[in-house]
Amino acid sequence: MKKVVVVGGGILGASITFELAKRGAEVIIIDREDQGQATKAAAGIICPWNSQRRNKKWYLLAREGAKYYPSLVQDLNSYHQLNTGYKKVGALSLHSDEAKLEAMKERTLKRKLEAPEIGDVNILTSSEAKELFPLLASGYGALHISGAARVNGWALRNALIEASKQLGATFIQSSCILIKEKDTIKGVKLSDNTTIYADEVVIAAGVWANELLEPLQLSFDVKAQKGQILHVLLNDVQCADWPVVMPPHDQYLLTLENNSIVIGATHENTTELAPDITMAGIKEIIDKALLFAPGLSDAVWREAKVGFRPFTNDFLPVFGRLKQYEGITIANGLGASGLTMGPFIGQQLAKSLLESEYDIDFTPYSIDSSIQEK
């Protein structure tokens, strides 16, 4: 039985742990539970198919990630009754320009040839869109994609961890450092000096990954982007089944099971990992939300959250074994697509680590492009 230590308990680390445990590995997952962990703040839209991003490497992971969700959620349901926050509710991609909506529809229908899970794709009038999401402003038509879904990042992460525990995995809340012997990583040492030896260590620590790699005289080029997210509640309104909304800018609206509405998120490049809620950030969120959904004016504040998304220079995830040392694998840089891609990448890495046949070529996402020796 292969023994693996996973460092980082966000969506990626939890997914790797679950997939390894399901395949019979002995897994220990370690997480400090830092404030600002991206997954803890995230609520995601699983709808990559109408994206204007032309990067085929990114789209492959996003498409396969979306496709993987239904089977993953069904699998998790066999271990426990924890809610993953995943539900197929459809999506409304808004625009006031009919030509833009037609172009979006054409792009999405082309992609449906390889992704039938997209479902029905239709252009709706402003009034038709408002029937599905009554808070919307008039004057915006929408592309409706029936196969789109929403997911609660922290709920899914917790469901993955709980299923992993039932499969024999161990969760430890602690900081740790790597144990190095010559050119091989042998395991980790916890903050209480407990030593854990393993066949492989996987670093899925997001924006904090460099703390682990610096003692190896390695620099990992990962940057942080701060995202502030607002949760509000509409009293006496049942909105849990409303579609997710994607306005023609970089924010979104989605509802959760408790009838709260999530509005997010800011995209603030930063070098400071201070999880502060700022007036400027919240104002940006509210201003953009009310422009497209003025019906939110009566919403009641529930909470605000902050998460730090890890990005690479070319905005692509990177993952795979480190060439400088034996026994260490790194996965990082999922950015704003973490909830869409994370579970699928976790599955692929688990297959690779256990020397099973995996489904994609890892070469375009090589970790080598982001690692420099000091």
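A quick note: this is a predicted structure, and the numbers were derived from the prediction, not measured.

Participant: Let's hear about the side chain of glutamate 19: which residues, and what values?
Facilitator: One can find glutamate 19 in helix H1 (residues 11–22). A polar atom in the side chain of glutamate 19 sits 3.5 Å from the side chain of lysine 22. If we ignore the near neighbours within four places in the chain, the residues touching glutamate 19 are Tyr68, Leu72, Pro343, Gly346, Gln347 and Ala350.

Participant: Just give me the short version of the packing of aromatic side chains, but keep the residues and values in it.
Facilitator: One pass over the structure, following the stated rule, counts eight aromatic pairs. Relative to tyrosine 79, the ring of phenylalanine 18 has its centre 5.8 Å away and its plane inclined at 90°; by these criteria the two rings are edge-to-face. One end of the pair, phenylalanine 18, is in helix H1; the other, tyrosine 79, is in the loop between helix H3 (56–77) and strand E4 (87–88), and 61 residues separate them in sequence. A relative accessible area of 0% means that phenylalanine 18 is categorised as buried. For tyrosine 79, a relative accessible area of 22% translates into the label partly exposed. With centroids separated by 5.3 Å and ring planes inclined at 75°, the aromatic side chains of phenylalanine 311 and phenylalanine 315 adopt a geometry described as edge-to-face. Of the residues examined, phenylalanine 311 reaches a relative accessible area of 12% and is grouped as buried. Geometry around tyrosine 59 places arginine 111 over its ring, the cationic atom sitting 4.2 Å from the centre.

Criteria and thresholds
- Residues numbered from 1 in each chain as written.
- Predicted model: local features only at pLDDT ≥ 70, side-chain atom pairs only at ≥ 80, totals over all residues.
- Heavy atoms only, no water.
- Helix = DSSP H or I, 4+ residues; strand = E, 2+ residues; numbered from the N terminus.
- Polar contact = N/O pair within 3.5 Å; in protein donor to acceptor, adjacent residues only side chain to side chain.
- Contact = heavy atoms within 4.5 Å.
- Phe/Tyr/Trp six-rings, centres within 6.5 Å; stacked < 30°, edge-to-face > 60°.
- Buried < 20%, exposed > 50% of the residue type's maximum accessible area, 1.4 Å probe, protein only.
- Lys NZ or Arg CZ within 6 Å of the ring centre and 35° of its normal.

Purely geometric numbers; function is a separate question.
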